[in-house]
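# Structural description and commentary
Listed below are the residues making up each chain.
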Amino acid sequence: MSNEIGELPPGGPGRAKGGTWNMEPEMGNMTEPKFREEVSTKQLRIAELAKQHAGEALNNVQRFIDGPWLLEAYHRIRKDGAPGIDGQTWKMYGENLHKNLLDLLGRIKNQQYKAPPVRRVHIPKGTGNETRPIGIPTIEDRIVQKAVAMVLEPILEGEFLDGSYGYRPKRSAHQGLARIRQGAEEEGTQWIVEVDLRKFFDTIDHQKLRQMLRQRISDGIITRLIDIWLKAGVMENGSWSASEEGTPQGGVISPLLANLYLHEIDQHNRAVRESFRSGANTNH
């Protein structure tokens, strides 16, 4: 796989002498439509590689993360999102955007990036006194999470089942409900099973999630970033606490990791459904 997705050559795009990273040639004069088109083209390439090497762990996919990629990630995160523990807003980070992204790219590529803890807040959960904990990353951490999600999404989207609708691009819960209705009205569906995974985001097993991820990704830079997010911990009322399990609700990459974790359940449910259909056909 390393030959298919080769290492960036010394002195290649984005790399200056001495191993430092320089984005100026890559994005200094790029207009927004141009860098978005470049990112879209790269994502199509990643999807092609994932399809060609189905069942293999892809290596060196971090090479797709460059200046334009981080610039697009910055523009994709919410502009009105609450700040993390450093108090920095999207607009504040953008005041020295190219300088900030240049420094950030170097830390990512040199494996020196350190994820700060998320700022935990509690929001009401439905009715009653129960609340839902939300983890708010810093703006810079959201950029990195979005950049990694933009790499992983073309790989994992090709594997997720068609009946999965939550937190997926160009899909919604309303479309999922419409699909259920179609099954009931047009396809003779007789059973609908509803399952509520209580505190799902808070209880994801880190080790199992890592194992599932490494079945498709062997890139050390990407897996390291996932690991440090899982270990970053939480700041609440001025006190830090470790994250032994779960992914923070509010994290940019958390929905994608959650879908990866649920994919095994989706596969199991599909196998059960098919076995019922097979048995029904046999009985007839």
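To be clear, the structure that these remarks concern was listed above.
Summary of the structure given here.

The number of helices and strands found in the protein chain is 10 helices and 4 strands. In sequence order, the protein chain lays out its α and β elements as α-α-α-α-α-β-β-α-α-α-α-β-β-α. Looking at the 284 residues of the protein chain, the share that counts as buried comes to 41%. The contacts in the protein chain between residues at least 6 apart in sequence include a share of 76% that link residues at least 24 apart. Of the roughly 16300 Å² of accessible surface on the protein chain, a fraction of 50% belongs to carbon and sulfur atoms.

A few words now on the packing of helix α3 (residues 67–76) against helix α5 (residues 97–109). Where α3 contacts α5, the two axes come as close as 10 Å, and the packing angle between them is 115°. Seen from above, α3 lies across α5 with right-handed handedness. Listed contacts from α5 to Gly67, Leu70, Leu71 and Tyr74 of α3 are Leu97, Leu101, Leu104, Leu105 and Ile108. Tallied by class, the residues present in the contact of α3 with α5 amount to 8 nonpolar, 1 polar and no charged.

Neighbouring strands of a sheet are bound in pairs by backbone hydrogen bonds; such pairs are parallel or else antiparallel. The mixed open sheet is built from 4 strands, whose spatial order is β2-β1-β3-β4. Looking at the sheet topology across the chains shown, the edges are occupied by β2 (131–136) and β4 (239–241). Within the sheet, the average angular offset between the axes of one strand and its neighbour, ignoring direction, is 40°. Sheet topology note: the strand β1 (residues 118–124)/β2 ladder contains 6 bridges and is antiparallel. Paired with Ile123 across the two strands is Arg132, which belongs to β2.

So, about the environment of Ala149. Mapped onto the elements of the fold, Ala149 is located in helix α6 (residues 139–156). Classification of Ala149 by relative accessible area gives buried; the value is 10%. It is 9.0 Å that separates the C-alpha atoms of Ala149 and Leu257, two residues lying 108 residues apart in sequence. Residues contacting Ala149, with those up to four places away along its chain left out, are Ile253 and Leu256.

Evaluation of the coordinates by the stated rule reveals 14 salt bridges. Between Glu159 and Arg216 there is a salt bridge, with the nearest N and O atoms lying 2.1 Å from each other. Of this pair, Glu159 sits in the loop between α6 and α7 (173–186) while Arg216 sits in the loop between α8 (206–214) and α9 (220–231), placing them 57 residues apart in sequence. Take Glu159: its relative accessible area is 28%, and that puts it in the partly exposed class. Note on Arg216: relative accessible area 5%, which makes it buried. Salt bridges linked by common partners bring Arg36, Glu72 and Arg76 together as one network.

This part is about the nonpolar core. Within the largest apolar cluster, 57 residues are counted, with the highest numbers of intra-cluster contacts made by Ile143 and Leu152. Elements supplying a minimum of two residues to this core: α2 (32–52), α3, α4 (90–94), α5, α6, α8, α9 and α10 (254–283). Top element by residues in this core is α6. It accounts for 11 residues.

Another aspect to go through is the environment of Phe200. With respect to the helices and strands, Phe200 occurs in the loop between α7 and α8. Beyond its immediate sequence surroundings of up to four residues, Phe200 is in contact with Ala258, Tyr261 and Leu262.

Here we take up α5. Side chains three or four residues apart in an α-helix point the same way, a direct result of the helix having 3.6 residues per turn. Across its 13 residues, α5 extends 18 Å between first and last C-alpha, which sits within 8% of the 18 Å expected from 1.5 Å per residue. One or two positions beyond α5, positive phi appears at Gln111, with a value near 55°.

This paragraph deals with the packing of α5 against α6. Two elements in contact, α5 and α6, have axes whose closest approach is 12 Å; the angle formed by their N-to-C orientations is 60°. In terms of orientation, α5 lies oblique with respect to α6. Remark: the crossing between α5 and α6 carries right-handed chirality. In contact with Asn100, Leu101, Leu104, Arg107 and Ile108 of α5, α6 contributes Glu140, Ile143 and Val144. Of the residues assigned to the contact of α5 with α6, the class counts are 5 nonpolar, 1 polar and 2 charged.

Let's shift gears to the environment of Leu71. Within the fold, Leu71 resides in helix α3. For Leu71, a relative accessible area of 4% corresponds to the buried category. For the pair Leu71 and Leu102, spaced 31 residues apart in sequence, the C-alpha separation works out to 10.0 Å.

What counts, and at which threshold
Residues numbered from 1 in each chain as written. Predicted model: local features only at pLDDT ≥ 70, side-chain atom pairs only at ≥ 80, totals over all residues. Heavy atoms only, no water. Helix = DSSP H or I, 4+ residues; strand = E, 2+ residues; numbered from the N terminus. Buried < 20%, exposed > 50% of the residue type's maximum accessible area, 1.4 Å probe, protein only. Contact = heavy atoms within 4.5 Å. Areas by Shrake-Rupley, 256 points an atom, 1.4 Å probe, with all protein chains shown as cover. Axes fitted to C-alpha atoms, helices over the stretch in contact; angles between N-to-C directions. Left-handed = near helix turned anticlockwise from the far one by under 90°. Nonpolar A, V, L, I, M, F, W, Y, C, P; charged D, E, K, R; others polar. Pairing = 2+ DSSP bridges. Salt bridge = Lys/Arg side-chain N within 4 Å of Asp/Glu carboxyl O. Core = buried A, V, L, I, M, F, W, Y, C linked by side-chain atoms within 4.5 Å. Expected span 1.5 Å × (residues − 1). Parallel < 35°, antiparallel > 145°, perpendicular 65-115°, else oblique.

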